[in-house]
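Each chain is listed here by its residues.
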Amino acid sequence: MSTIENRLGKTLTPVPLRQVTIQDPFWSARERNVIDTVIPYQWDALNDAIPGAEPSHTIENFRLAAGEAAGEYYGMVFQDSDLGKWLETVGFALSKERSPELEKIADDVIDLLERAQGPDGYLNTYYTVKEPGARWTNLRDNHELYCAGHLMEAAVAYYDATGKRKLLDIMCRYADYIGEVFGREPGQKRGYDGHPEVELALVKLYQASGNRAYLELSRYFVEERGQLPHFFDTEDQERAAAQGDGGAARKRKRGYDYFQAHLPVREQKTAEGHSVRAVYLYSAMADLAMQYRDAGLREVCRELWNDVVERKMYVTGGIGSSAYEERFTVPYDLPNDRAYTETCAAIGLMFWAQRMLQMEQDRRYADVMELALYNGVLSGISLDGKSYFYVNPLEVWPDTANFRDDMRTVKGTRQPWFGCACCPPNIARLIASLGQYIYSVNEEQRELHVHLYAGSRAEAALGGQPVTLTQTTEYPWNGQAALELGLAQPAEFTVCVRIPGWCRKAAVTVNGTGTDTGQLEKGYVRITRTWSDGDRIELSFDMPVEIVRAHPNVRAAAGRIALQRGPVVYCLEEADNGPNLQDIVVERDVEFEAEFEAGLLGGVTVLRGMGTRSVVPPDSGGSLYTTQAYDRTAVPLQAVPYFAWSNRMPGEMTVWIRSS
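Residues numbered from 1 in each chain as written. Predicted model: local features only at pLDDT ≥ 70, side-chain atom pairs only at ≥ 80, totals over all residues. Heavy atoms only, no water.

Turning our eyes to something else, we now look at the overall build of the chain. Within the chain, the regular secondary structure consists of 18 helices and 22 strands. Reported as C-alpha extents along the three principal axes, the dimensions of the chain are approximately 75 × 75 × 50 Å. Per-residue burial over the chain gives 59% buried out of 660 residues. Counting only contacts in the chain whose residues sit at least 6 apart along the sequence, the fraction spanning at least 24 positions is 71%. About 25600 Å² of surface is accessible on the chain, with carbon and sulfur atoms providing 48% of the total. Put simply, the chain has 69 plus and 91 minus side-chain charges, and the middle of one group is 3 Å from the middle of the other. (Helix = DSSP H or I, 4+ residues; strand = E, 2+ residues; numbered from the N terminus. Buried < 20%, exposed > 50% of the residue type's maximum accessible area, 1.4 Å probe, protein only. Contact = heavy atoms within 4.5 Å. Areas by Shrake-Rupley, 256 points an atom, 1.4 Å probe, with all protein chains shown as cover. Lys, Arg positive; Asp, Glu negative; His and termini not counted. Charge placed at Lys NZ, Arg CZ, Asp CG, Glu CD.)

Listed below in structure tokens is the structure:
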């Protein structure tokens, strides 16, 4: 392993979820929906109790592993992870409010996990039920450590919320066993999982348990990835030998870059391969850079970050443009109608952005975190919380999406569940844990940082002094926010408030007196003073409709514009604008007006403007081609938030609009 390099500068710590209460016109309903609707709905899904939905069999698999049911394993090799994410969501929900009924369900399933765990600590239903004796023989493809990681994250969340150690102890036993199996000592496997996840989970397990061996194990998995000889080759040869074919390695289905194993992580300069795997790995790398104060690893994270957000990210914060291997491709390859942009990838981008932000207070990380949240993440769940997008295209023509084989991943409507159901519980845990993304502290420097704008109440400590911060806002529909401080006695400290990168004009006042917003420190206004109880910071962000244009190298957006207001990206839907949205053209200097519609899509701000579309003469004879230009007629246009599309009638949708 590498030596620890130069010390990093100051790092931040998120205000824990249990110390943040969301009280917000936009987010409270979504959080409530997760608790009241999504968690019970997904519990039914895990128990195969949703008529017409893809079966899950997840809970039944654990009963099989515990010897309490008869039958065969069913589902993906990573089916256990769905339960991990569901339990983690339950932990987040219980950190906000206790529910004896929900806690009883969780405790019962934790008891089931304990009964399914092997005497040595091993816990994986696929290998226990379907391939006993074959554990750790196909780490490249079969997600053993990935599943372990999601159960570890669940254990930490549940322990934080309830103080109950049973699941934490179960996963510590599993982590101890994993630490015996993997490493560089004689007799240990020099391996790592094909799907990064356990790396970031082990950091959380270390923070919850205090056992530094888990942190060291995380660092081992990260640093071992991509080393020579390639572990996946060795594993192939061992499998082939065990199958009696003379030791000839089976043909690899995917390149090393798919797994981010093409190079040691410190030599990786560009984001490659499966996008979800990549951002989970990068999240762990950022965690380790902070934990070990490793400046070299931080620089690697920065370089990878720049490659993603400057060359491979959609205007919606979606990443991973190719359905083939769900992967990053080449710079600027961002097709709209075939965009893959898995919901999990946008969620993973948020995980990574938050960690980069704690490592280096810079609004560019918070800007991307916010962009992904309001667009690439929220688009993945319906307004009622009962259906989901796995894939999030930026343009949909249902007739072709439902017919063409090369667009088979694109759906015009959200689905109730998936055979590969990683996204639904992932988005649930993200929404349920949103409170921990809003604020950070640096207690040593006596600083409180405000990253996101959402009505909430946070409790923190600065220099040993308890501080309460209450935020009120109607964001994202307007740019006004107020922060009121609560203190038992006056104290000097610094409040750092983010001026969003999309904002061209901002005003900040303290108790009615203006503060200079011209001198920003990496996008934050720093306000240092002796604060008293009831002091009030007011923020005003100018929020006009912005016309967004892509870099000329983004071929799919050439000659087109997108609409954004505040953090929200907009789209045209057939429900408002009729069919053939690609025929619509707007003027280069088009102006759109914003208006809040309380009765539409749960209450959203819509954008209204004018464009033109072709006039097809009734006597044209249906000619496919002509040398004559079509006349055009003016038409009113209405754009709705991208996250809210496909909550009405099925139909066309486009984010990018042709511009004259």
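This paragraph deals with the packing of aromatic side chains. The geometry of an aromatic ring pair is captured by two quantities: the separation of the ring centres and the angle between the planes. Following the criterion strictly, the structure yields 35 aromatic pairs and no others. With centroids separated by 6.2 Å and ring planes inclined at 85°, the aromatic side chains of Tyr122 and Tyr177 adopt a geometry described as edge-to-face. Of this pair, Tyr122 sits in the loop between α4 (100-116) and α5 (125-130) while Tyr177 sits in helix α8 (residues 166-181), and the two are 55 residues apart along the sequence. Ring geometry for Phe231 and Phe232: centres 6.0 Å apart, planes at 55°, overall tilted. Assigned by exposure class, Phe231 and Phe232 land together as buried. (Phe/Tyr/Trp six-rings, centres within 6.5 Å; stacked < 30°, edge-to-face > 60°.)

Before going further, it helps to examine the pairing of strand β10 (residues 506-510). Relative to strand β13 (residues 536-541), β10 runs antiparallel, the two being bridged by five bridges. Looking across to β13, one finds that Val508 is bridged to Leu539. The sheet contact formed by β10 and strand β11 (residues 513-515) spans three bridges and is antiparallel. Its bridge partner lying in β11, Val508 is registered against Thr515. In this structure, the hairpin formed by β10 and β11 is closed by a connection of two residues, where Asn511 is found at a positive phi of approximately 55°. (Pairing = 2+ DSSP bridges.)

So, about the pattern of salt bridges. Applying the stated criterion across every chain yields a total of 59 salt bridges. Note that Asp36 is salt-bridged to Arg32, the shortest N-O span being 2.9 Å. Taken together, the residues Asp36 and Arg32, both in helix α1 (residues 27-46) and four residues apart, mark about one turn of the helix. Salt-bridge contacts for Glu88 lead to Lys204; the nearest nitrogen and oxygen are separated by 3.8 Å. Of the two residues, Glu88 sits in helix α3 (residues 80-96) while Lys204 sits in helix α9 (residues 198-209), which places them 116 residues apart along the sequence. A residue is classified by how much of its surface remains accessible, and Glu88, at 2% relative accessible area, is buried. Through salt bridges that share partners, Arg140, Asp141, Glu235, Asp236 and Arg239 make up one connected network. (Salt bridge = Lys/Arg side-chain N within 4 Å of Asp/Glu carboxyl O.)

Across the sheet, five strands lie side by side as β1-β4-β5-β9-β12; this open sheet has mixed pairing. Edge positions in the open sheet fall to β1 (13-14) and β12 (524-531), since each of these has one partner strand only. For β1 and strand β4 (residues 439-442), the ladder comprises two bridges, and the chain directions are antiparallel. In the sheet register, Thr13 faces β4, and the bridge partner there is Val441. Across the sheet, helix α15 (residues 363-377) is in contact with β9 (491-498) and β12; its angle to β9 comes to roughly 55°. (Axes fitted to C-alpha atoms, helices over the stretch in contact; angles between N-to-C directions.)

The next subject is the confidence of the model for the chain. Note: predicted coordinates in regions of low pLDDT should not be interpreted at a detailed level. For the chain, the average pLDDT comes to 94, and 97% of its residues sit at 70 or higher. Counting interchain partners and residues more than four positions distant, the pLDDT-below-50 stretch residues 1-7 has 22 contacts. (pLDDT = per-residue confidence, 0-100.)

What follows covers the layout of surface pockets. Of the pockets and cavities examined, the largest pocket occupies roughly 1200 Å³. Thr13, Pro14, Lys204, Gln207 and Gln436 are the residues nearest the centre of the largest pocket, which is lined by 41 residues in total. For the lining of the largest pocket, the secondary structure elements donating two or more residues are β1, α3, α7 (144-162), α9, α12 (275-291), α14 (343-359), β4 and β6 (456-462). Sorting elements by how many residues they give to the lining of the largest pocket places α7 first, with six residues. A breakdown of the residues in the lining of the largest pocket according to their chemical character gives 19 nonpolar, twelve polar and ten charged. (1 Å grid on protein atoms, 1.4 Å probe; cavity = no way out; pocket = protein on both sides within 12 Å on 5 of 7 lines; lining within 4 Å. Points joined across faces, edges and corners; volume = space filled by probe spheres on them. Nonpolar A, V, L, I, M, F, W, Y, C, P; charged D, E, K, R; others polar.)

The end-to-end C-alpha distance of α8 is 23 Å, a good match for the 22 Å that 16 residues give at a rise of 1.5 Å each. Burial in α8 covers these residues: Leu167, Leu168, Ile170, Met171, Cys172, Tyr174, Ala175, Tyr177, Ile178 and Val181. On its buried face, α8 is in contact with α3, α4, α7, α9 and α10 (212-224). After α8 finishes, the residue Gly183 shows a positive phi value of roughly 155°. (Expected span 1.5 Å × (residues − 1).)

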